[in-house]
Amino acid sequence: MSEEKVFPAGEERIYAAGKINLFLFITGKLPSGYHELETLFMPLPGPQDILVFRPASRDSGIAVSCTTPGIDLEKNTLTRAYGLYVEATGFAPAVDVELVKKIPHGAGLGGGSADGAQVLLWLQRHAPEPLPEEKLLPIAARVGADVPFFLKGVPCLAQGIGERLFPVESGVRGMSCVLVCPHVHVDTAWAYAAWDAERASFSLTEKTKADKNNRSSYQSFYGRNDFEPVVFAAHPELAALKMQLLQEGADIAGMSGSGSALFGLFRDPVCAAQGAAALQKGQEKAQVFGPFLF
């Protein structure tokens, strides 16, 4: 039996950043209803959610507080991560978690998955017997398809429902990223249903899939996202913002996940700063973050 770890007496403040999908292809649908993907996850340096962990006086369990509208405090990625970890290990510390959302909710940046991953990592640090990675990753996948990626925290080519991860060189080192987050919520379930309804118009073949062993093959896919046609049809303002990123000098622009966040990648950092300033000017319908240097 390993030596029991001391549960922290004070609060712990942890930061969770999101991701963008440099490309995203929907490659199939499983009998379970889940869709299979081929995507390249790129971790973002910001914006960051804040999770404040505080010991609680009760015997066990997690309680989540958050002032952001639309967050279910009883059923969310934090409570799910905690519950599945307890199920696997029996370690059930009493903890209150205050979630301060800085990553826009429902923007396709994986904020909820990032938060769930941080709960798992916090439990790992304090558990008397932390789980080996081969047992932790399946738990993370049950919390959410993107959660295993956030445990790794490096650029990854993802396949399946996002659980098969292959760390890769991103191919965007030295580029600057400008992130535009419109005040538009795109429901992921709706986006998949809309794609299913229109999938006959897609030509997803083996040629559209990235080769995890050949970096040059997938760089040409950057900015491509199979969700864009259906999401842009429903929200033309998102298509206009992508076009504006390109007009401001972005070498690559695209939508992250099922939206609504858009990113622009700039080779020229001065152009990126000017583009971010231009997008922020008079902007009331979106938040603009960056530029971030990769």
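Everything numeric here is computed off the predicted structure, so don't read it as measured data. (Residues numbered from 1 in each chain as written. Predicted model: local features only at pLDDT ≥ 70, side-chain atom pairs only at ≥ 80, totals over all residues. Heavy atoms only, no water.)

1. Things to note about the packing of aromatic side chains
Under the criterion given, the structure shown has eight aromatic pairs. Their ring planes at 75° and their centres at 4.9 Å tell us that Y192 and F227 sit as a pair that is edge-to-face. Taken as a pair, Y192 in helix 5 (residues 188-198) and F227 in the loop between helix 6 (215-219) and helix 7 (228-234) lie far apart in primary sequence, 35 residues in all. Overall, Y192 belongs to the buried group, its relative accessible area being 18%. In this structure an aromatic cluster arises from ring pairing among F23, F25, F221 and Y222. (Phe/Tyr/Trp six-rings, centres within 6.5 Å; stacked < 30°, edge-to-face > 60°. Helix = DSSP H or I, 4+ residues; strand = E, 2+ residues; numbered from the N terminus. Buried < 20%, exposed > 50% of the residue type's maximum accessible area, 1.4 Å probe, protein only.)

2. So, the UniProt feature "binding site: ATP" (unreviewed entry) in the chain
Per the UniProt record, "binding site: ATP" (unreviewed entry) is found at P104, H105, G106, A107, G108, L109, G110, G111, G112, S113 and A114. Among the annotated residues just listed, those lining the largest pocket are P104, H105, G106, A107, G108, L109, G110, G111, G112 and S113. Along the chain, the position of G108 falls in the loop between strand 4 (95-100) and helix 2 (111-126). Judged by relative accessible area, which is 18%, G108 ranks as buried. For G108, the contacting residues outside a window of four places in its chain are K19, N21, S256, G257, G259 and S260. Relative to the assigned elements, A114 resides in helix 2. Classification of A114 as buried rests on a relative accessible area of 2%. Residue contacts for A114: discarding those within four places in its chain leaves A16, A17 and F150. (UniProt positions renumbered as here; feature names shortened; annotations may be inferred. 1 Å grid on protein atoms, 1.4 Å probe; cavity = no way out; pocket = protein on both sides within 12 Å on 5 of 7 lines; lining within 4 Å. Contact = heavy atoms within 4.5 Å.)

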